[in-house]
Each structure stands twice: as structure tokens, then as C-alpha cells.
Amino acid sequence: MTVAGEGHRLQQRERRVMVLAGDLGGGTGNHLLAMIRHWDSTQWRVTVVTQREPRARIRAEAIMRVIPPRRWFERSLIGNWRTFVFVLKCVNEIRPHVLHTYFFWPLMYGRLLKWLGKVNTLIENREDEGFSWRRRDYFLLRMTRWLPDRVICVSEAVRRVVSQKERLAESRAIVVHNGVPPLDVTDVAGDELRRELGLADDHLVVGMVANLNRAVKGASYLLDAAPVIIREVPETRFLLLGRGKGERALLARARALGVERNVILAGYRDEIHSYYATMDISVLTSLSEGLSLTLLESMAHGLPVVVTRVGGNAEVVVDGETGFLVPPRDVASFSEKVIALLRSPELRARLGRAGRHRVNEHFQIERAAARYLQIYETALAGLRSNEPWPGN
């Protein structure tokens with residue numbers, strides 16, 4: 001049967017997708033599962049194979065398989081081999097039409113499976129700018145860069161990194177911006193939660209949602225700015241939400257700066273939307289980003305944002321119209337923009353409205369979900385890897 005004939009035949013029946021991801025916790029897992037909820041389950045049978053029990057806030061109609069944890073005595077090479085054997089078993093049982101991989105070692109397992117002829121169509125994702133990858137990792141990616149059919153990058157900034165460091169042909173890298181579900185902010189109330197957090201009516205809340213275990217999120221720079229902001233606007237409170245042992249270091253830093261009473265460390269929360277409703281401003285002091293779901297969620301809530309000009313942030317925020325972009329590590333510029341917003345309810349409202357409109361127009365989850373399926377469909381129809389992507 002010709003490639004075109006095979007593609008037509010696949011359109012007439014259920015297609016199997018196997019997603020291989022290191023971890024479904026955090027933004028990546030939530031985004032993936034949110035997209036799966038928008039895929040027609042009668043047309044697409046999705047199995048997610050992950051190395052950790054799902055911790056995502058979103059549930060989707062997908063089969064879940066968890067890779068057995070490594071034994072305490074297993075070194076990296078042995079552990080990776082046993083993981084690969086489990087993944088190979090899943091591939092032999094599922095026989096996916098598409099294998100879609102996230103994060104470094106799943107990428108390597110997927111490329112080995114493609115090289116061995118165990119899968120025909122391999123799609124990969126790049127969720128960030130590769131800040132945690134080493135020279136060895138990039139060497140392996142460059143040496144096997146001909147194997148994936150397409151690499152989905154969540155922002156143009158990520159695609160530039162992929163092109164430069166992985167030397168991947170531009171025709172193989174496709175930008176699909178992340179999206180968030182539509183949100184009716186009238187259904188989200190934060191008044192009761194504000195009381196639980198000890199916030200008074202006159203308190204102005206600067207919020208940040210981030211993985212506090214990652215130094216790349218730059219939470220310490222927010223605390224460094226706190227004394228300047230509090231001096232100008234004493235009623236400011238800083239609400240930090242996120243998982244991690246990094247909370248202890250942040251609390252110690254807050255004490256050293258004398259701003260402990262103004263800082264609330266609320267930990268990780270599955271239900272995040274009511275916390276956004278307690279905020280007046282949302283901020284990110286990241287040193288690197290792919291395309292932040294926190295940023296999209298904040299703007300969907302109508303919050304004005306102050307974020308660093310890194311990664312995909314500048315592809316979301318129109319500086320001065322939907323929020324403010326500041327240089328990373330620039331505490332003075334960050335403080336100036338936050339203070340300007342705290343002092344002007346009108347400015348907060350104007351930027352918040354514009355931000356919500358921008359997210360609703362350009363960053364909806366339905367659009368991202370449809371684009372991923374289009375990539376699958378085109379790959380299954382037999383588009384050669386060296387051909388440019390339609391509309392790219």
C-alpha cells in the first residue's frame with residue numbers, strides 16, 4: 001500500500017498515540033492532559049507512559065502506565081536500560097501509530113526505538129530552553145537529530161535554542177504556543193481565601209506561582225525587590241505558591257531582609273484559580289522560560305503581569321499594553337514596574353483587561369490541541385521530514 005493510501009486508511013479508524021514523559025507533574029503534565037481532553041477519543045486512543053505517578057491538576061481520558069521505579073542499587077546505566085525495556089514492552093503491546101516524547105531520556109528512548117524500527121512516526125516536544133541539559137546531552141541530540149519526524153517547540157525562543165544547540169533543521173521544528181482553557185472569572189472568588197491567608201482588605205497582593213525547587217525560576221529576586229516595594233507601598237503582601245524544599249531558603253532570605261511578615265509561602269495547591277483571585281498583580285522573575293502556563297493563567301484571570309524578558313514571555317506579553325517586561329536579575333526595573341501598578345488601580349485594570357483579551361484570542365487550549373493533531377495527521381500522511389511544514 002502507498003504512503004498516501006496508508007494515511008487514508010488510518011483516517012478511517014482509531015489511531016493509537018503513545019506519549020512518553022518523564023513526569024506529569026507541573027505545567028507540562030497539566031497542558032498535555034488538557035489537550036488530550038479535547039481530542040476525540042473515538043478517533044485517537046492515547047496511552048501515557050510516565051516515570052512518576054501523575055500529580056497533574058487535570059484528568060483526561062487516557063490510559064496511564066507508570067514505569068517501575070529504579071531499585072536503590074541500580075546505577076544510571078542499568079536503570080536506564082531497565083526503563084527502556086519497559087518502554088519497549090509498552091510499544092510492542094500498544095503498537096502506536098505515533099510516539100510522542102517529552103524530556104531528555106524519553107527523547108533518547110524514542111530515538112532508539114525509531115532507529116530500531118519499532119516506531120514509524122516520532123514526534124518530540126521542547127518545553128523550555130534546555131537550561132538543565134549538559135554538553136553530553138546536546139552531543140547526543142545532535143548525533144541523532146535525523147530521527148524525529150517533528151519537534152514541537154512551545155515558543156519561538158525555544159525553537160532558536162533547538163536550532164542553535166541541537167542543529168536541528170528549521171523545517172523539522174514547529175512552534176505551537178501553549179494554551180489554557182477558557183475561564184469565567186466571575187465564577188472564581190478569592191475573598192474567603194484572602195481571610196484564610198491573613199490578608200486585610202487594604203492589602204495589595206503580588207503573587208508568583210512557580211516551582212520553588214528550581215533556581216532558574218528566580219524567586220530570590222522577588223524577595224530582593226520586596227524591601228524597596230514595601231518602603232514605597234507598605235500594604236504590599238507577597239504570595240508565593242509552589243512545590244519544593246526551596247521554600248526554606250526563601251523563608252530564611254525573607255527573614256534576613258526583614259520582610260518575613262509581608263511574605264506568605266502557601267506551598268503547592270492543586271486548585272490554583274482561587275489563589276489567582278486573591279492577587280492584584282502576578283509576577284515572574286525567571287532566568288529562563290519556555291512558554292509559561294502561569295503567565296497565561298494569570299492573564300486569563302485579568303491580572304496585570306510583570307515578568308522577565310526571557311524565553312517565550314515576550315511572545316505573550318505586549319510590553320506596556322498587557323503587562324511589563326523587565327530584564328532578568330534587574331531588581332530595580334522590576335521594583336519600579338511593580339510599584340507603578342500597585343499605585344494605580346486604573347493601570348492594573350487596563351492592563352489586566354488587555355491581557356485577558358490577548359489570551360482569549362491567541363492562547364486557547366483548543367487551538368493548541370487541534371494543532372498537535374494536525375501535526376500527527378500530516379506526519380501519518382507521509383510528509384517527508386525534509387519538507388517545510390505547511391503554514392510554518
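Residues numbered from 1 in each chain as written. Predicted model: local features only at pLDDT ≥ 70, side-chain atom pairs only at ≥ 80, totals over all residues. Heavy atoms only, no water.

Quick word on the pattern of salt bridges
Next, step 1: Under the defined criterion, the tally for this structure stands at 14 salt bridges.
Next, step 2: Here arginine 15 ties to glutamate 377 by a salt bridge, and the two come within 2.6 Å at their closest N and O atoms. Here arginine 15 is found in strand β1 (residues 15–21), whereas its partner glutamate 377 is found in helix α15 (residues 365–380), with 362 residues between them in sequence.
Next, step 3: Take arginine 15: its relative accessible area is 3%, and that puts it in the buried class.
Next, step 4: A salt bridge links arginine 65 to glutamate 93; its shortest N-O distance comes to 2.7 Å. Here the residue arginine 65 occupies a position in strand β3 (residues 63–66), and glutamate 93 occupies one in helix α3 (residues 76–94), the gap between them amounting to 28 residues.
Next, step 5: Among the ionic contacts, a cluster of salt bridges with common partners joins Arg111, Glu124, Arg126 and Glu166. (Salt bridge = Lys/Arg side-chain N within 4 Å of Asp/Glu carboxyl O. Helix = DSSP H or I, 4+ residues; strand = E, 2+ residues; numbered from the N terminus. Buried < 20%, exposed > 50% of the residue type's maximum accessible area, 1.4 Å probe, protein only.)

Description of the packing of helix α11 (residues 293–300) against helix α14 (residues 345–362)
Next, step 1: With their axes 7 Å apart at the nearest point, α11 and α14 run at an angle of 120 degrees to one another. The segment α11 lies against α14, with Leu296, Met299 and Ala300 engaging Gly352, Gly355, Arg356 and Val359.
Next, step 2: Of the residues belonging to the contact of α11 with α14, the class tally is 4 nonpolar, 2 polar and 1 charged. (Axes fitted to C-alpha atoms, helices over the stretch in contact; angles between N-to-C directions. Contact = heavy atoms within 4.5 Å. Nonpolar A, V, L, I, M, F, W, Y, C, P; charged D, E, K, R; others polar.)

Remarks on the packing of helix α2 (residues 26–36) against α15
Next, step 1: Across the interface, α2 lies against α15 with an axial gap of 9 Å and an inter-helix angle of 75 degrees. By the angle class used here, α2 and α15 are roughly perpendicular. Between α2, through His31, Ala34 and Met35, and α15, the contact on the second element is made entirely by Ile365, Ala368, Ala369 and Tyr372.
Next, step 2: Class assignment of the residues belonging to the contact of α2 with α15 gives a composition of 6 nonpolar, 1 polar and no charged. (Parallel < 35°, antiparallel > 145°, perpendicular 65-115°, else oblique.)

Brief notes about the sheet that holds strand β2 (residues 44–50)
Think of a sheet as strands paired side by side through backbone hydrogen bonds, with each pair either parallel or antiparallel.
Next, step 1: Spatially, β3-β2-β1-β4-β5-β6-β7 is the arrangement adopted by the 7 strands of the open sheet, whose pairing is parallel. Either end of the sheet is taken by a strand with one partner, and the two such strands are β3 and β7 (173–175). Each strand axis lies, on average, 20 degrees off the axis of its neighbour in the sheet, ignoring direction.
Next, step 2: Taken together, the 3 bridges between strand β6 (residues 150–153) and β7 define a ladder with parallel strand orientation. The residue of β7 that forms the bridge with isoleucine 152 is isoleucine 174.
Next, step 3: In this fold helix α6 (residues 156–165) packs onto β5 (122–126), β6 and β7, with an angle of close to 170 degrees to the strand it touches most, β7. (Pairing = 2+ DSSP bridges.)

Focus: the confidence of the model for the chain
Next, step 1: On average, the chain scores 89 in pLDDT, and the residues at 70 or more come to 90%.
Next, step 2: Note that pLDDT drops below 50 for residues 384–392; the model gives that stretch 27 contacts with residues more than four away or on any other chain. (pLDDT = per-residue confidence, 0-100.)

Some thoughts on the environment of aspartate 23
Next, step 1: Position of aspartate 23 among the secondary structure elements: in the loop between β1 and α2.
Next, step 2: Residue aspartate 23 is classed as buried on the basis of its relative accessible area, which comes to 16%.
Next, step 3: Separated by 29 residues in sequence, aspartate 23 and arginine 52 place their C-alpha atoms 5.5 Å apart.

A few points about the sheet that holds strand β10 (residues 263–267)
Next, step 1: Overall, parallel pairing links the 6 strands, which are arranged β10-β9-β8-β11-β12-β13 in an open sheet. Both edges of this open sheet fall to β10 and β13 (323–326), since each of them pairs with a single strand only. Averaged over all pairs of adjacent strands, the angle between strand axes in this sheet comes to 20 degrees, irrespective of strand direction.
Next, step 2: Sheet topology note: the strand β8 (residues 204–209)/strand β11 (residues 281–284) ladder contains 2 bridges and is parallel. Looking across to β11, one finds that valine 206 is bridged to isoleucine 281.
Next, step 3: Of the strands in this sheet, β8, β11 and β12 (305–308) are in contact with α11, which crosses β12 at around 165 degrees.

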